[in-house]
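# Chains, contacts and geometry: an overview
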Amino acid sequence: MKNIIVISDTHGSIPDNEILWEAFDNADYIFHLGDGKNEIAKLKEIYKDKLYYVYGNCDAMSNGLEQVIDIEGVKFFLTHGHNYKVKSSDVYLQLRGEELDADCCLYGHAHIPSITQVGNMQLINPGSLKYARTYCYMSVVNGKALAKIVELKG
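This text gives an overview of the structure that appears in the document. Just so we're clear, the structure is a prediction, and the values are computed from it rather than from any experiment.

### Quick word on the overall build of the protein chain
Across its full length, the protein chain holds three helices and ten strands. Element order for the protein chain, N to C, with α for helix and β for strand: β-α-β-α-β-β-β-α-β-β-β-β-β. A compact globule built from 154 residues would reach a C-alpha radius of gyration of about 15 Å, and the protein chain, at 14 Å, matches this within 12%. Dimensions along the principal axes, computed over C-alpha positions, put the protein chain at roughly 35 × 35 × 30 Å.

### What about the nonpolar core?
Counting residues in each nonpolar core, the largest one holds 18 residues, and the members touching the most others are Ile4, Phe31, Phe76, Leu106 and Met138. Residue assignment for this core shows that the elements contributing at least two residues are strand S1 (2-7), strand S2 (29-32), strand S4 (66-71), strand S5 (74-79), strand S6 (104-106) and strand S9 (134-141). Ignoring any residue separated from it by four or fewer positions in sequence, one finds Phe76 in contact with Ile4, Phe31, Gln67, Val68, Ile69, Ile71, Cys104, Leu106, Met138, Val140 and Ala145. Listed in part, the 17 residues of the second largest apolar core include Leu20, Ala27, Ile40 and Leu152.

### What to know about the sheet that holds strand S7 (residues 114-118)
Backbone-to-backbone hydrogen bonds pair the strands of a sheet. The strands run either parallel or antiparallel. An order of S4-S5-S6-S8-S7 is seen for the five strands of this open sheet, with the pairing classed as mixed. The outermost strands of the open sheet, each flanked by one partner alone, are S4 and S7. On average, each strand axis in the sheet is inclined to that of its neighbour by 20°, with strand direction left out of account. Of the pairings in the sheet, the one linking S4 to S5 comprises six bridges and is antiparallel in character. Paired with Val68 across the two strands is Phe77, which belongs to S5.

### A look at the side chain of Asp59
Along the chain, the position of Asp59 falls in the loop between strand S3 (51-53) and S4. For the buried Asp59, no salt bridge exists, and the shortest N-O distance to an oppositely charged side chain is 6.5 Å, to Lys37. A polar contact is formed between the side chain of Asp59 and the backbone nitrogen of Lys37, at a distance of 3.0 Å. When near neighbours in sequence (up to four residues on either side) are disregarded, Asp59 contacts Gly34, Asp35, Gly36 and Lys37.

### Some points on the environment of Ile5
Structurally, Ile5 is set in strand S1. The exposure class assigned to Ile5 is buried, which follows from its relative accessible area of 0%. Counting along the chain gives twelve residues from Ile5 to Asn17, while the straight-line C-alpha distance between them is 14 Å. Filtering out sequence-adjacent residues up to four positions away, Ile5 remains in contact with Ala23, Phe24, Ala27, Tyr29, Ile30, Phe31, Tyr135, Cys136 and Tyr137.

### A short note on the pairing of S9
Within S9, six of the eight residues are buried, which leaves the element mostly enclosed by the surrounding structure. One ladder, built from five bridges, connects S1 with S9; its direction is antiparallel. Bridge pairing in S9 links Ile5 to Tyr137. When S9 meets strand S10 (residues 144-151), the two strands line up antiparallel, connected through eight bridges. Looking at the pairing, Val140 lines up with Ala145 of S10.

### Overview of the packing of aromatic side chains
The final tally for this structure, using the stated rule, is nine aromatic pairs. An angle of 45° between the planes, with centres 5.9 Å apart, marks the rings of Tyr29 and Tyr52 as tilted. Placement of the pair is Tyr29 in strand S2 and Tyr52 in strand S3, with a sequence separation of 23 residues. Look at Tyr29 and you get buried, because its relative accessible area is 18%. Grouping aromatic residues by their ring pairs yields a cluster made of Tyr29, Phe31, Tyr52 and Phe76. Between the NZ or CZ atom of Lys85 and the centre of the ring of Tyr92, over which it lies, the distance is 5.5 Å.

About the criteria used
- Residues numbered from 1 in each chain as written.
- Predicted model: local features only at pLDDT ≥ 70, side-chain atom pairs only at ≥ 80, totals over all residues.
- Heavy atoms only, no water.
- Helix = DSSP H or I, 4+ residues; strand = E, 2+ residues; numbered from the N terminus.
- Rg over C-alpha atoms; globule rule 2.2 N^0.38 Å.
- Core = buried A, V, L, I, M, F, W, Y, C linked by side-chain atoms within 4.5 Å.
- Buried < 20%, exposed > 50% of the residue type's maximum accessible area, 1.4 Å probe, protein only.
- Contact = heavy atoms within 4.5 Å.
- Pairing = 2+ DSSP bridges.
- Axes fitted to C-alpha atoms, helices over the stretch in contact; angles between N-to-C directions.
- Lys, Arg positive; Asp, Glu negative; His and termini not counted.
- Salt bridge = Lys/Arg side-chain N within 4 Å of Asp/Glu carboxyl O.
- Polar contact = N/O pair within 3.5 Å; in protein donor to acceptor, adjacent residues only side chain to side chain.
- Phe/Tyr/Trp six-rings, centres within 6.5 Å; stacked < 30°, edge-to-face > 60°.
- Lys NZ or Arg CZ within 6 Å of the ring centre and 35° of its normal.

Here is the structure:
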């Protein structure tokens, strides 16, 4: 079993929340889905061996916009989502996920947390850690990804 913390849209800060930082410490992997290049840099210093990330539209980066990661037989597609117009529809994201044969498409940009099952694929937006104060906690168990949206308190 592997545990993953998925965050996105930190836009300048990661909350000083003890439970969140404990989750980072205990996770096997941390995924940052963009719009937070300074926070990505900070997380790279602390968690360089378990951090995977992509950049978003506010990061002013032209590379590192997509990443595919296989964890114990589960294929994750990471993207910020702005190139797939996720604020209006998830159809382009879904098509890209199918093209990549992804089990989970992880994206941000819309700031709205959601977990949607489409056939055998999950589309997951952890929401904005800054604005919605949410993230996604995932476990990979027996070749399946289990996901839950977590809301920060306080």
